[in-house]
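Descriptive analysis of the structure
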Amino acid sequence: MSEPITGEQFALSAGPYQAVITESGASLRELTYEGRPVVLSHGADEPAPAAFGHLLIPWPNRIDRGRYEYGGSEHQLDVSEPARDCAIHGLVRWASWKAAGHEPDRVRLTHRLLGTAGYPFRLDLEVEYALDAAGGLRVRHGVRNAGTKTAPYGHGAHPYLTVGEPIDGCTVTLGADRYVPVDERMVPSGPSLDVTGTGYDLREGPVFGDRRIDNAFADLNRDGAGRVWVVLSGGGRTVRLWADEAHPWMEIYTAENAPAPRSGLGVEPMTCPPNAFASGEGVIDLEPGAEFHGTWGILAS
């Protein structure tokens, strides 16, 4: 019996929400609310374009030339984005994850990340996707250092929110006071800057217009539960993504390289900023036996 190239498909359902998670990368392939897409999706028998729904582990975004120093040693990762001479989005995006539990409204997947020349550390990873009729999607990341050496760690996720129309006519709200500037290779070019008076100021929910953004945001404003929110509204629909305090950075990407450009908004909760392994900023030093967890989710109306 043949299977699609993204492997086993784990279907979830709760109230008005339905989702599909793939064996490949433990990726969020589909999420709908009342039958309408909440994230940009792709077919089960095609690779995820533009990192649709990917988990970004053990680092999100880019590492300049794939080089970093850690624990007194130099490391060289495979350059997985040759056009920009960067290593991008971690090591597990296309890996096979195993189901550790699957119920109608949730699935838990695990992956053992063994050491490589560029990342000589061993991690045991897990992720749980859970749907709730009122609360929408909740995604919980977990990692344990199963090796003998302290490991550098970071994670992120790469869903593209959609309300079914181009983002140009939508409003986008993100409570973030600073953004990270980047150079032509999309590597940070300096320290974070104040968003005030710039096109990166999304605090009041402006009409998005022709903004082109592929940047991390910092100094995130949180609610009483410690969550930061990104809100996309248009055409009478609203989609909201939240992230807990384990995620101090949020990347916003205007989906220029999606199959239908600017049809969705990449919203990426991250534990560290781009190029973190090289800069050291935000890197989690995961000691042997130590664990780390983080949670984010999506709501629609």
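Structural data are supplied above this passage.
This write-up is about the structure you can find in this document. (Residues numbered from 1 in each chain as written. Predicted model: local features only at pLDDT ≥ 70, side-chain atom pairs only at ≥ 80, totals over all residues. Heavy atoms only, no water.)

Looking now at the overall build of the chain. A count of helices and strands for the chain gives one helix and 26 strands. Taking 19 Å as the expected radius of gyration for a compact globule of 301 residues, we find that the chain reaches 18 Å, a close match to that expectation. When the backbone C-alpha atoms are referred to their principal axes, the chain occupies close to 55 × 55 × 40 Å. Sorting the 301 residues of the chain into buried and exposed places 54% on the buried side. (Helix = DSSP H or I, 4+ residues; strand = E, 2+ residues; numbered from the N terminus. Rg over C-alpha atoms; globule rule 2.2 N^0.38 Å. Buried < 20%, exposed > 50% of the residue type's maximum accessible area, 1.4 Å probe, protein only.)

Okay, the pattern of salt bridges next. In this structure the tally under the stated criterion is 18 salt bridges. Among the ionic pairs, R106 bridges to D105, the shortest N-O distance being 3.4 Å. Salt bridges sharing partners connect three or more residues here, namely D64, R65, D85 and R185. (Salt bridge = Lys/Arg side-chain N within 4 Å of Asp/Glu carboxyl O.)

As summarised here, the arrangement of the eight strands in space is 10-11-12-13-26-22-21-17, forming an open sheet in which the pairing is antiparallel. Only two strands of the sheet have a single neighbouring strand rather than two, namely strand 10 (98-103) and strand 17 (171-174). When strand polarity is set aside, the average angle formed by the axes of neighbouring strands in this sheet is 10°. Pairing of strand 17 with strand 21 (residues 228-234) involves four bridges; the strand directions are antiparallel. Across the sheet, residue T171 finds its bridge partner in strand 21, namely S233. (Pairing = 2+ DSSP bridges. Axes fitted to C-alpha atoms, helices over the stretch in contact; angles between N-to-C directions.)

The next subject is the pairing of strand 8 (residues 73-76). Sheet analysis places strand 7 (residues 67-70) next to strand 8, joined by four bridges and oriented antiparallel. The residue of strand 8 that forms the bridge with E69 is E74.

Mapped onto the elements of the fold, T295 is located in strand 26 (residues 291-300). The class for T295 is buried, based on a relative accessible area of 13%. Setting aside residues up to four positions removed in sequence, T295 forms contacts with R138, V139, R140, W242, A243, D244 and H247. (Contact = heavy atoms within 4.5 Å.)

This next bit is on the side chain of T162. Along the polypeptide, T162 turns up in the loop between strand 16 (160-161) and strand 17. Within the structure, the side chain of T162 is placed 3.0 Å from the backbone nitrogen of G164, a separation counted as a polar contact. (Polar contact = N/O pair within 3.5 Å; in protein donor to acceptor, adjacent residues only side chain to side chain.)

Turning our attention to the layout of surface pockets. In this structure, the largest pocket occupies an estimated 590 Å³ of space. Taken together, 30 residues line the largest pocket, and the ones lying closest to its centre are S80, E81, I88, H89 and R93. Its residues assigned to classes, the lining of the largest pocket shows 14 nonpolar, nine polar and seven charged. Estimated volume of the second largest pocket: approximately 160 Å³. For the second largest pocket, the full set of lining residues is V180, P188, G190, P191, S192, A218, W249, P273, P274, N275, S279 and E281. Its residues placed into classes, the lining of the second largest pocket shows seven nonpolar, four polar and one charged. (1 Å grid on protein atoms, 1.4 Å probe; cavity = no way out; pocket = protein on both sides within 12 Å on 5 of 7 lines; lining within 4 Å. Points joined across faces, edges and corners; volume = space filled by probe spheres on them. Nonpolar A, V, L, I, M, F, W, Y, C, P; charged D, E, K, R; others polar.)

A few words now on the packing of aromatic side chains. For the structure shown, the criterion picks out eleven aromatic pairs. Measuring from centroid to centroid gives 6.2 Å for Y160 and Y253, while their planes differ by 65°, and the two rings are edge-to-face. Taken together, the positions of Y160 in strand 16 and Y253 in strand 23 (residues 249-253) put the pair 93 residues apart, joining distant regions of the chain. Assessed through its relative accessible area of 11%, Y253 is described here as buried. A ring pair is formed by Y200 and F217, whose centres lie 6.3 Å apart and whose planes are at 55°; its orientation type is tilted. Here Y200, found in the loop between strand 19 (193-194) and strand 20 (214-220), pairs with F217, found in strand 20; they are 17 residues apart in sequence, far enough to count as distant. Among the residues examined, F217 registers a relative accessible area of 1% and is labelled buried. (Phe/Tyr/Trp six-rings, centres within 6.5 Å; stacked < 30°, edge-to-face > 60°.)

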